Amino acid sequence: MGSDTQAGQGRKIPLERTIYVGSFVHCKTLQELDICDEGAIGVDETGTIAFVERGVKDVAKVQERHGWGVCKVVRIGSTSFFFPGFIDTHIHASQYPNAGIFGKSTLLDWLNTYTFPLESSLSDLDKATRIYSRAVSRTLSHGTTTAAYYATIHVPATNLLADICLAKGQRAFVGRVCMNSDLSPDFYRDESVEAAVAASRACIDYITSIDPKYELVSPILTPRFAPSCTADCLAALGALQKETGVPAQTHIAENKSEIELVAKLFPERLNYTDVYDAAGLLTSKMILAHAVHLSDSEIATIRARDAKIAHCPASNTALTSGCARVRRLLDEGIAVGLGTDVSGGFSASVLEMVRQAIWVSRHVAMTEGDDTKLSAEEALWLGTRGGARVVGLEDRIGGFEVGKEWDAQLISMGDVEEDGEGLHAHHGPVDMFGWEGWEDRVHKWVYGGDDRNTIAVWVRGRLVHSTSGFRQ
Ligand SMILES: [Zn+2]
């Protein structure tokens, strides 16, 4: 665990009132972007948006109007734009070293072959420090300002992940994984229901001690998935959720063999969703990852409980789990966000998930019709506003409105010179010729961009990542 002096040290440096001047883009509705090319967004000392102005020709007048004569002004280039930080609603920080390593496995053998051996090794705090530091730095570099993390069963390493998120300034939900059933390996499981609950409580207490108001980091109850937990363990965690009010996260209906296994393990329950519902875990604070193979009645139950869904398209493809019906879930009014699901998913980039969600929706469309296709705008909505709803922070993050917190990324793309020469590494992979309209610019970023285009990232008004392309 990090010491008190180290944890959250960055937060102790006071923020300056700052006006961010230039273009900004965010999601207005599921289908529509709000693009403002002469914007000025004022962010106060608490990292909260104090004003949003459009059609700004003279920043001095904006300063005068708001009485912000003394403040910092950050101006960006004409083809750059501010975009809300991405929200990764499902990622296993502990599996980060395995990103890209999955072979031809499917869920249940993938867990035993790749995942449990790595996760169990994080009892070593030096190793955990190395993995978690890099996972948080890497996700920040991809513009992920909020992440819902699974750690491991280890209390010290889970607390360490919370320390690292706080120190690096990433907004995070940090979950200590619970798994007590016989399906968990001997070397990596909770010894009893009581032990699982006590360890979960220890992590909740620790995270509450380092961030009492959950301004940045919050605990999250994390039963791994139904087959990893006994019914009494799930019920005990349901009771703990009710007692503490902290959110919860787990997996559901990812793969058909898993669903058969759940039916065998919980014969008294109607279906997979009912296993969590019976335990009292299916609430508006529950994030369900995957939701690939849900029946109509399960969808109805999830909607009735207002539980949320993390769509993990890269992982669902990599482990051949299936194609989640995102359009159906959205039409039902269920909150859906995007999850990288590292390391079932091979990339820690939510921008990559935006693309993957679009591709998966097209594969669904090949058999179910064009209505199921997601547009780039819709996928961006899932990665920002949708994710904010999934983690219960829609009043604080996901877009640029007065009162929301400045969780933002600065996107920059390379201008092609007149002679077409000058291929510079720092330009990133997207070439802008200068005649593209705003919609085309955003689409070129969505389909061709990567972390080289994310040159600065802020969380709650604090600069948490920048590259050499960003000059203040
Ligand atoms: Zn997962």
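Please read these numbers as outputs of a predicted model, since none were measured by experiment. (Residues numbered from 1 in each chain as written. Predicted model: local features only at pLDDT ≥ 70, side-chain atom pairs only at ≥ 80, totals over all residues. Heavy atoms only, no water.)

(A) Local environment of the overall build of the protein chain. The secondary structure content of the protein chain amounts to 14 helices and 20 strands. Against the compact-globule benchmark of 23 Å for 472 residues, the protein chain has a radius of gyration of 22 Å, which places it among compact chains. Taking the principal axes of its C-alpha atoms as reference, the protein chain extends roughly 65 × 55 × 40 Å. The buried share of the protein chain, taken over its 472 residues, is 60%. Considering only residue pairs separated by 6 or more positions, the protein chain has 72% of its internal contacts joining residues 24 or more positions apart. Here the protein chain displays about 18300 Å² of accessible surface, and carbon together with sulfur accounts for 50% of that area. Across the protein chain, the centroid of the 46 positively charged side chains sits 3 Å from that of the 61 negatively charged ones. (Helix = DSSP H or I, 4+ residues; strand = E, 2+ residues; numbered from the N terminus. Rg over C-alpha atoms; globule rule 2.2 N^0.38 Å. Buried < 20%, exposed > 50% of the residue type's maximum accessible area, 1.4 Å probe, protein only. Contact = heavy atoms within 4.5 Å. Areas by Shrake-Rupley, 256 points an atom, 1.4 Å probe, with all protein chains shown as cover. Lys, Arg positive; Asp, Glu negative; His and termini not counted. Charge placed at Lys NZ, Arg CZ, Asp CG, Glu CD.)

(B) Structural detail: the UniProt feature "domain: Amidohydrolase-related" (unreviewed entry) in the protein chain. The positions UniProt marks with the feature "domain: Amidohydrolase-related" (unreviewed entry) are residues 83–464. Each end of residues 83–464 is marked by a C-alpha atom, and these two atoms are 15 Å apart; helix forms 42% of the span and strand 16%. (UniProt positions renumbered as here; feature names shortened; annotations may be inferred.)

(C) Representation of the packing of aromatic side chains within the structure. All chains considered together, the criterion is met by 19 aromatic pairs. Seen from their ring centres, F81 and W438 are 5.7 Å apart, and the 85° between their planes marks the pair as edge-to-face. Within this pair, whereas F81 is found in strand β5 (residues 81–84), its partner W438 is found in helix α14 (residues 438–448), the two being separated by 357 residues in sequence. Here F81 matches W438 in class, with each residue buried. By way of ring pairs, the aromatic residues Y20, F24, F82, F400, W406, W458 and F470 are connected into one cluster. (Phe/Tyr/Trp six-rings, centres within 6.5 Å; stacked < 30°, edge-to-face > 60°.)

(D) Representation of the environment of I91 within the structure. Positionally, I91 belongs in strand β6 (residues 86–92). Each residue touching I91, except ones within four places of it in the same chain, is listed here: T139, A147, A148, Y149, Y150, T340, D341 and V342.

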